[in-house]
Amino acid sequence: MTTPPDVLVVGAGLAATRTVAALREHGYDGHVRVLGAEGLAPYDRPPLSKHLLDRTGPAWLADEIDADLGALADDVRLAEPARTLRPAPVGTTVVTDVAEHTAACVVLATGSAAARPAGWDARTLHTAQDAAGLRDLLGAGTRRLVLVGAGWIGAEVAGVAAAAGHDVTVVEAADAPLAGPLGVEVGALTRPWYAAAGVRLLTGVRVAAVRPDAVTLADGRTLAADVVLVAVGARPATAWLGDALPRDEGRLRVDEAYRVLGPDGPVPGLHAVGDVAVRRSARYGWVPGGHWDAALRGPDVLVRHLLGVPADPATGDDLVPYAFSTQLGHDLALLGLPSPGDVPTVLRAPDDAGFSVLWSRPDGTTTAALAADRPRDVGAARRLLAPAALPRIDPGDATSLAALRRR
């Protein structure tokens, strides 16, 4: 293995910042360049929704994770977005509006962008600028906020806005909140949270049109609003790659070392991490990016492989997927990756408002665990799913993951 003389990181968010930090932490002393697009120093995205109204400025990563990109990299250009990629056997070139940057190793970490269906005219929430604009619109006093989408972001914003006294309605096309990541049966367990928080929730309802002041439903109803926010997911920011690399639903397939995979195997000198990547996993097959934890921990695995550093014995290379959300006054932690065919088992104690869920394949292999308002179960789930082979667990009459762990 030959250590590259220089590394070019495309992107300036969490995955990019952690890549640069991991390079220096593991002793890399080569030249490191960074190309960003927003013109801002790296900041943390989860507070944009979780703390929309009580944190009026960005949560800078230099403070949040003690990683100052300007101090770690040799050349940082925060307002020079990549436009074109030209892979080559030796040295890949990234073209911007003002220059061509060629490096022996290129790491693609451009993150994602909020999805907005064609013809929908309303706000989205993904950047610090989006958050500032939404705060200004909500302002003081009571505003009618209509949210399209009851996923992670929609639920978080709904809870924050309702707690601040706004009139909030959430419209979801699926039959339950969080039906995408959790499935309808488990997602439905969060339905009572909306009413308890003073949020109107409409599920199984299609949207026909969206304007800044109204949402028209497919059944003809119109929901008037002072503010409309579309929160129907995010898409990997890879359109700029054109036909340079094959993609899977917009993401780049990477192997266990985060090397970008082409038709004939790894593309020389090219890596991808964070939201833009879908990585190969011995446990789960293909694991898409898109969550904060993947952007935080994935870069260390990438850099260890790149520099020939042994895997971290505590975590290994095949990271357990993890997502965390604070929504409507409740905490949710999802570990692992449930698939549509997996069967959920809800673990709930009669005197406990929280609950846990285990997902299992038909052969009994446990693939994922969810802890809702049960912080002790989060650690238990991590230990259960940590081994190289997924466990086979019979939930039996257990009422929590912690109880299973004690058996």
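Basis of the calculations
- Along each chain, residue indices are assigned from 1 in the same order as the chain's sequence is written.
- Confidence filtering applies because this is a predicted model: local features only for residues at pLDDT of at least 70, side-chain atom pairs given and counted only at 80 or more, and all residues used for totals across whole chains, interfaces and linings.
- Hydrogens and water molecules were not included; the side-chain quantities draw on all heavy atoms of the structure.
- Classification of ring pairs rests on two measures: the distance between centres of Phe, Tyr or Trp rings, Trp counted by its six-membered ring, which must be within 6.5 Å, and the angle between planes, read as stacked under 30 degrees, edge-to-face over 60 and tilted in between.
- What counts as a helix is a DSSP run of H or I of at least four residues, what counts as a strand is a run of E of at least two, and both are numbered from the N terminus.
- Working definition: with a 1.4 Å probe on protein chains only, accessible area under 20% of the residue-type maximum means buried, over 50% means exposed, and in between means partly exposed.
- Lysine and arginine charges are scored as sitting over a ring when NZ or CZ, respectively, is within 6 Å of the ring centre and within 35 degrees of the ring normal.
- In this description, strands pair whenever DSSP reports at least two bridges between them.
- The convention used is that axes are lines fitted to C-alpha atoms, helices contributing only their stretch in contact, and that angles between N-to-C directions extend from 0 to 180 degrees.
- Residue contacts are counted whenever heavy atoms from the two residues lie within 4.5 Å of one another.
- Here the expected length of a helix is defined as 1.5 Å per residue gap, with one fewer gap than residues.
- The term salt bridge refers to a pairing of a side-chain nitrogen on Lys or Arg with a carboxyl oxygen on Asp or Glu at a separation within 4 Å.
- By convention a nonpolar core is built from buried Ala, Val, Leu, Ile, Met, Phe, Trp, Tyr and Cys residues, the set being connected through side-chain atoms within 4.5 Å.

Student: Mind laying out the packing of aromatic side chains, listing which residues take part and the relevant values?
Tutor: Within this structure, the stated rule accounts for two aromatic pairs. With a centroid separation of 6.5 Å and an interplanar angle of 85°, the aromatic rings of Tyr-43 and Trp-60 are classed as edge-to-face. Of the two residues, Tyr-43 sits in strand E3 (residues 43–44) while Trp-60 sits in strand E4 (residues 59–60), which places them 17 residues apart along the sequence. Given the relative accessible area of 6%, Tyr-43 is considered buried. Relative accessible area serves as the criterion here: at 31%, Trp-60 is assigned to the partly exposed category. An angle of 35° between the planes, with centres 6.4 Å apart, marks the rings of Trp-193 and Phe-355 as tilted. On the criterion of sequence distance, the pair formed by Trp-193 in helix H9 (residues 191–196) and Phe-355 in strand E27 (residues 355–360) is long-range, its members being 162 residues apart. With a relative accessible area of 9%, Trp-193 lands in the buried category. Residue class for Phe-355 comes out buried when judged on its relative accessible area of 3%. In this structure, Arg-382 packs its charged tip against the face of Tyr-322, placed 4.4 Å from the ring centre.

Student: Which residues make up the sheet that holds strand E24 (residues 322–327), and what values do they have?
Tutor: Here we have five strands laid out as an open sheet, ordered E24-E25-E28-E27-E26, and antiparallel in their pairing. Both edges of this open sheet fall to E24 and strand E26 (343–347), since each of them pairs with a single strand only. Strand-to-strand twist across the sheet, computed as the mean angle between neighbouring axes with direction ignored, equals 15°. Here E24 runs beside strand E25 (residues 330–336); their pairing, made up of six bridges, is antiparallel. Counted as the bridge partner of Thr-326 is Asp-331 from E25. The sheet contacts of helix H6 (residues 152–163) involve E24 and E25, and relative to E24 the element is tilted by about 25°.

Student: Please give an account of the sheet that holds strand E12 (residues 167–172) that cites residues and values.
Tutor: Here four strands make up an open sheet; going across it, the order is E13-E12-E11-E17 and the pairing parallel. The open sheet is flanked by strand E13 (200–203) and strand E17 (227–230), the only strands paired with a single partner. With direction set aside, neighbouring strand axes in the sheet form an average angle of 15°. On top of the sheet, H6 reaches strand E11 (144–148), E12 and E17; it is set at about 170° to E11, its chief contact.

Student: Describe helix H1 (residues 14–25), with residues and values.
Tutor: Taking 1.5 Å as the rise per residue, H1 with twelve residues should run 16 Å; its terminal C-alpha atoms sit 16 Å apart, in good agreement. Most of H1 is tucked away, with ten of its twelve residues classed as buried. If you check which residues of H1 are buried, you get Leu-14, Ala-15, Ala-16, Thr-17, Arg-18, Thr-19, Val-20, Ala-21, Ala-22 and Leu-23. Remark: Gly-27 follows H1 within two positions and exhibits a positive phi of approximately 90°.

Student: Residues and numbers for the pattern of salt bridges, please.
Tutor: Per the stated rule, a full pass over the model turns up 23 salt bridges. Between Asp-6 and Arg-33 there is a salt bridge whose closest N-O contact spans 3.2 Å. Note that Asp-6 is positioned in strand E1 (residues 6–10) and Arg-33 in strand E2 (residues 31–35), a separation of 27 residues in sequence. Of the two residues, Asp-6 and Arg-33, neither departs from the other in class, the shared state being buried. Look at the salt bridges and you will find they share partners, linking Asp-75, Arg-77 and Glu-80 into a network.

Student: With reference to specific residues and values, describe the nonpolar core.
Tutor: Counting 47 residues, the largest nonpolar core has Val-94, Leu-108 and Leu-245 as its most contacted members. Secondary-structure elements contributing two or more residues to this core are E1, H1, E2, strand E9 (105–108), strand E19 (252–254), strand E21 (265–272) and helix H10 (292–307). In this structure, Leu-108 is in contact with Val-10, Leu-85, Trp-240, Leu-241, Leu-245, Leu-252, Leu-270, His-271, Ala-272, Val-273 and Val-276, ignoring residues within four places of it in sequence. Formed by 39 residues, the second largest nonpolar core is a distinct cluster that contains Tyr-43, Leu-52, Ala-150 and Tyr-194.

Student: I'd love a proper account of the pairing of strand E28 (residues 366–372), names of residues and values included.
Tutor: Among the seven residues of E28, seven are classified as buried, and the element is accordingly described as predominantly covered. Here E27 folds back onto E28 in antiparallel fashion, the turn holding five residues, of which Gly-364 has a positive phi close to 95°.

Student: Could you give me a rundown of the side chain of Gln-327, with the residues and numbers involved?
Tutor: Among the secondary structure elements, Gln-327 is positioned in strand E24. Residue class for Gln-327 comes out buried when judged on its relative accessible area of 0%. Not counting chain neighbours up to four residues away, the residues in contact with Gln-327 comprise Trp-152, Ala-155, Glu-156, Leu-178, Trp-193 and Leu-332.

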